[in-house]
Amino acid sequence: MPRVYLSVPHLGEREERYVREAFASNWITSAGPQLEAFERAFAARVGRPAVALASGTAALHLGLRLLGVGPGTEVIVSDLTFVASVNPIRYLGASPVLVDADPATWTMDPARLAEALEDRAKRGRRPRAVVVVHLFGQCADLDPILEICRRHGIPVLEDAAEALGSLYHGRPAGTLGDVGAFSFNGNKIITTSGGGMLVASRPEWVERARHWSTQAREPGAAYHHLELGYNYRLSNVLAAIGRGQLEVLDERIAQRRAVERCYREAFAGVPGLSPMPEAPYGFHTHWLSCFLVDEDAAGASRDDVLRALAAREIEARPLWKPMHLQPLHAGCPRYGGEVAEELFERGLCLPSSSSLAPEDQAEVIDTVLRVLRAGRTRRAAPAADAVPGDQRMAAGETATGGQP
Ligand SMILES: *Cc1c(COP(=O)(O)O)cnc(C)c1O
């Protein structure tokens, strides 16, 4: 088992207190006061009505259905993301269309999106929705994206699974488009062990999603059903954890940002090692601390760095593998993909937990600096078994001289 993990849950006493309340009330299933309190607190925090669900993936699935995504439709989605942004498009029988990342933000490139929508229109295939993913704690550039989508009359679903607490021009990620999806998976900035939240611009959409999430059972004692539903509601026990976590969200953001700042300062001036860019329009939570390794300048490759960290029981990962490189989604039409591919080849995520111990972070930094320094030294000096320069030249002359 790795000793230093990428991103772990960070729980405290208040989460336990709310869970005890849930037990004491005997509300331990898919209804209860903790759920109501969690949703109320979440809605107050982001400024939109919210429904708590079993996962972020469930929130994306219901959000897409709210926007009318169904069999035979197309949905535009970021190429560089976790697979859960794309799978729910397939659950609904629709087809994903992939759009490349902008190297300045690593999120969906608005120019590529415009190109994609124009091209789809020319082919007579107007996509039913655009799923824009906020990555590693940073918002996509929503103003141009929303503008382009408005022009084409296409609704926007924000996948804010990695961006709870992030801001775009001062407004919370997930609340600028038509629907927003959040995740409380165990590795996210706050967790309910597993869970998600859907928010929407229209309260009636949130009520529809809530209805679908509980098997779409109609009111009344009889088990009467008009629509297809799911078992997607978060449990009251897990909502209790979420309630406690939400109260410390700002603290967790500050801690994650401090972790990233510490790496960034330690790596400042190191050739070939650059941090994920921070877009000027937003507030980046740095859910994960991400860096790019330029092998030529750094003296070692991204994989050399990952191997050195693994050897010291430190968990680090590449960035998300782009969807167009996944056998699962490889056949999808795409607009670009080269940027996502290069980020995937050169990028890495370092241990980023809000509870990361300073001595553990120091070891991560030391390991990274060492492997890069060793690589540069190896390149600057001739290898031990190589013939030194002068002798090599002499030997070459002799050999050449000996040739006919
Ligand atoms: C984590 C994540 C999801 C899925 O959330 P779950 O709660 O694990 O279902 C979706 N999209 C992105 C970008 C994610 O990082």
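Only a predicted model underlies this, so the values are computations on that prediction, with no experimental measurement involved.

1. Some thoughts on the overall build of the protein
Part 1 of the reasoning: Secondary structure summary: the protein contains 14 helices and 15 strands in total.
Part 2 of the reasoning: For the protein, the spread of C-alpha atoms along the principal axes amounts to about 100 × 55 × 35 Å.
Part 3 of the reasoning: Within the protein, the proportion of its 404 residues that are buried is 53%.
Part 4 of the reasoning: Sequence-distant contacts, at least 24 apart, represent 72% of the contacts inside the protein between residues at least 6 apart.
Part 5 of the reasoning: Computing the positive centroid from 44 side-chain charges and the negative centroid from 49, the protein places the two 4 Å apart.

2. Some points on the site of the ligand
Part 1 of the reasoning: Neighbouring the ligand are 16 residues, the closest being Gly56, Thr57, Glu162, Ser183 and Lys188.
Part 2 of the reasoning: Asp159 places a polar side-chain atom, nitrogen or oxygen, 2.8 Å from a nitrogen atom of the ligand.
Part 3 of the reasoning: In this structure, an oxygen atom belonging to the ligand sits 2.9 Å away from a side-chain N or O atom of Asn185.
Part 4 of the reasoning: At three residues, helix α3 (residues 56-66) tops the list of elements feeding residues into the shell around the ligand.
Part 5 of the reasoning: Looking at the shell around the ligand residue by residue, the classes come out as five nonpolar, eight polar and three charged.

3. Here we look at the pattern of salt bridges
Part 1 of the reasoning: As enumerated under the stated definition, the model contains 28 salt bridges in all.
Part 2 of the reasoning: The shortest N-O distance in the salt bridge between Glu363 and Arg3 comes to 3.1 Å. Here Arg3 lies in the segment before α1 (13-25) and Glu363 lies in helix α13 (residues 358-380), a separation of 360 residues in the sequence.
Part 3 of the reasoning: Assessed through its relative accessible area of 46%, Arg3 is described here as partly exposed.
Part 4 of the reasoning: Between Arg45 and Asp250 there is a salt bridge, and its shortest N-O distance comes to 3.0 Å. With Arg45 in helix α2 (residues 33-46) and Asp250 in helix α9 (residues 249-267), this pair connects stretches of sequence that are 205 residues apart.
Part 5 of the reasoning: Accessibility expressed as a relative area gives 48% for Asp250, which makes it partly exposed.

4. Quick look at the domain arrangement of the protein
Accessible area lost when the parts come together is the quantity often used to give the size of an interface.
Part 1 of the reasoning: Taken domain by domain, the protein holds domain 1 (13-248) and domain 2 (251-380).
Part 2 of the reasoning: The C-alpha-based centres of domain 1 and domain 2 are spaced at 27 Å.
Part 3 of the reasoning: Contacts between the two partners involve 47 residues from domain 1 and, on the opposite side, 37 residues from domain 2.
Part 4 of the reasoning: Summing both sides of the interface, domain 1 and domain 2 together bury roughly 3800 Å²; the carbon and sulfur share of this comes to 64%.
Part 5 of the reasoning: Looking at the side of domain 1 facing domain 2, the largest losses of area belong to Trp106, Phe136 and Ile189, adding up to 23% of the total buried there.
Part 6 of the reasoning: The interface formed by domain 1 and domain 2 contains one salt bridge.
Part 7 of the reasoning: Glu338 is the partner of Arg112 in a salt bridge, and the nearest nitrogen-oxygen pair spans 3.8 Å.
Part 8 of the reasoning: In this assembly, domain 1 and domain 2 are joined by 26 residue pairs in polar contact (both at pLDDT 80 or more).
Part 9 of the reasoning: Sort the elements by how many residues they give to the side of domain 1 that touches domain 2 and helix α5 (residues 110-122) lands first, with five residues.
Part 10 of the reasoning: Considered class by class, the residues forming the side of domain 1 that touches domain 2 number 23 nonpolar, 11 polar and 13 charged.

5. As for the sheet that holds strand β1 (residues 50-53)
Part 1 of the reasoning: A sheet is described by the order of its strands in space; here eight strands give the open sequence β1-β9-β8-β5-β4-β2-β3-β14, paired in mixed fashion. In this open sheet, the two edge strands, each paired with only one partner strand, are β1 and β14 (334-335).
Part 2 of the reasoning: The sheet contact formed by strand β8 (residues 179-183) and strand β9 (residues 196-200) spans five bridges and is antiparallel. Bridge pairing in β9 places Ser183 opposite Gly196.
Part 3 of the reasoning: Set on the sheet, helix α7 (residues 203-213) makes contact with β1, β8 and β9; between it and β1 the angle comes to about 20°.

6. Some details on the packing of aromatic side chains
Two aromatic rings are characterised by how far apart their centres lie and by the angle between their planes.
Part 1 of the reasoning: For the structure on display, the rule yields 13 aromatic pairs.
Part 2 of the reasoning: Consider the rings of Phe136 and Trp287, whose centres lie 6.4 Å apart with planes at 15°: the pair is stacked. A residue pair is termed long-range when its members are at least 10 positions apart, and Phe136 in the loop between β4 (129-133) and α6 (142-152) and Trp287 in the loop between β11 (282-283) and β12 (289-293) qualify at 151 residues. Taken as a pair, Phe136 and Trp287 share a single burial class, namely buried.

7. A short note on the nonpolar core
Part 1 of the reasoning: Formed by 95 residues in total, the largest nonpolar core has its most connected members in Phe42, Ile76, Trp106, Leu113, Phe136 and Leu198.
Part 2 of the reasoning: With six residues, α3 is the largest single contributor of residues to this core.
Part 3 of the reasoning: Filtering out sequence-adjacent residues up to four positions away, Trp106 remains in contact with Leu80, Ala101, Leu135, Phe136, Met276, Pro277, Cys290, Leu292, Leu319 and Leu343.
Part 4 of the reasoning: Judged by nonpolar contacts, the second largest core, of 24 residues, contains Val270, Val293, Val305 and Ala316.

8. Thoughts on the packing of α5 against α6
Part 1 of the reasoning: Look at α5 against α6: their axes get within 9 Å of each other, and the N-to-C directions meet at 10°. Between α5 and α6, the crossing angle belongs to the class labelled roughly parallel. Contacts from Pro110, Leu113, Ala114, Leu117 and Glu118 in α5 reach Pro144, Ile145, Ile148, Cys149, Arg151 and His152 in α6.
Part 2 of the reasoning: Counted by class, the contact of α5 with α6 contains eight nonpolar, one polar and two charged residues.

9. Focus: the sheet that holds strand β7 (residues 171-172)
Part 1 of the reasoning: Spatially, β7-β6-β11 is the arrangement adopted by the three strands of the open sheet, whose pairing is antiparallel. Unpaired on one side and paired on the other, β7 and β11 mark the two borders of the sheet.

What counts, and at which threshold
The residue numbers shown here count from 1 along each chain, following its written sequence. Restriction of local features to residues with pLDDT of at least 70 applies here, the model being predicted, together with a cutoff of 80 or more for giving and counting side-chain atom pairs; totals for whole chains, interfaces and linings are based on all residues. The side-chain values count all of the structure's non-hydrogen atoms but skip hydrogen atoms and water molecules. Think of it this way: any DSSP run of H or I at least four residues long counts as a helix, any run of E at least two long counts as a strand, and we number them from the N terminus. Under the scheme applied here, a residue whose accessible area is under 20% of the maximum for its type counts as buried, over 50% as exposed, and between as partly exposed, the area being computed with a 1.4 Å probe on protein chains only. For this analysis, residues touch if any pair of their heavy atoms sits within 4.5 Å. Under the counting rule used here, the positive set is Lys and Arg, the negative set is Asp and Glu, and His together with the chain ends is not counted. Lys charges are placed at NZ, Arg charges at CZ, Asp charges at CG and Glu charges at CD. Nearness is defined per residue: one heavy atom within 4 Å of the molecule or strand is enough. We call two N or O atoms a polar contact when they sit within 3.5 Å, provided that within protein one can donate a hydrogen and the other can accept it, with sequence-adjacent residues counted only if both atoms are side-chain atoms. Each residue is assigned to one class: nonpolar for Ala, Val, Leu, Ile, Met, Phe, Trp, Tyr, Cys and Pro, charged for Asp, Glu, Lys and Arg, and polar for all the others, Gly among them. The working definition used for a salt bridge is a side-chain nitrogen of Lys or Arg within 4 Å of a carboxyl oxygen of Asp or Glu. Boundaries of every domain are those given by an automatic assignment or by a domain database. By buried area we mean how much accessible surface two parts lose on assembly, using a 1.4 Å probe and totalling the loss over both. Note: two strands are recorded as paired if DSSP finds a minimum of 2 bridges between them. In this description, a line fitted to the C-alpha atoms serves as the axis of each element, helices being fitted only across the stretch in contact, and the angle between N-to-C directions of two axes falls anywhere from 0 to 180 degrees. Centre distance within 6.5 Å is the pairing criterion for rings of Phe, Tyr and Trp, where only the six-membered ring of Trp is used; planes under 30 degrees apart are then read as stacked, over 60 as edge-to-face, and the remainder as tilted. What is meant by a nonpolar core is a set of buried Ala, Val, Leu, Ile, Met, Phe, Trp, Tyr and Cys residues, joined one to another through side-chain atoms within 4.5 Å. Between 65 and 115 degrees an angle is taken as roughly perpendicular, under 35 as roughly parallel, over 145 as roughly antiparallel, and anywhere else as oblique.

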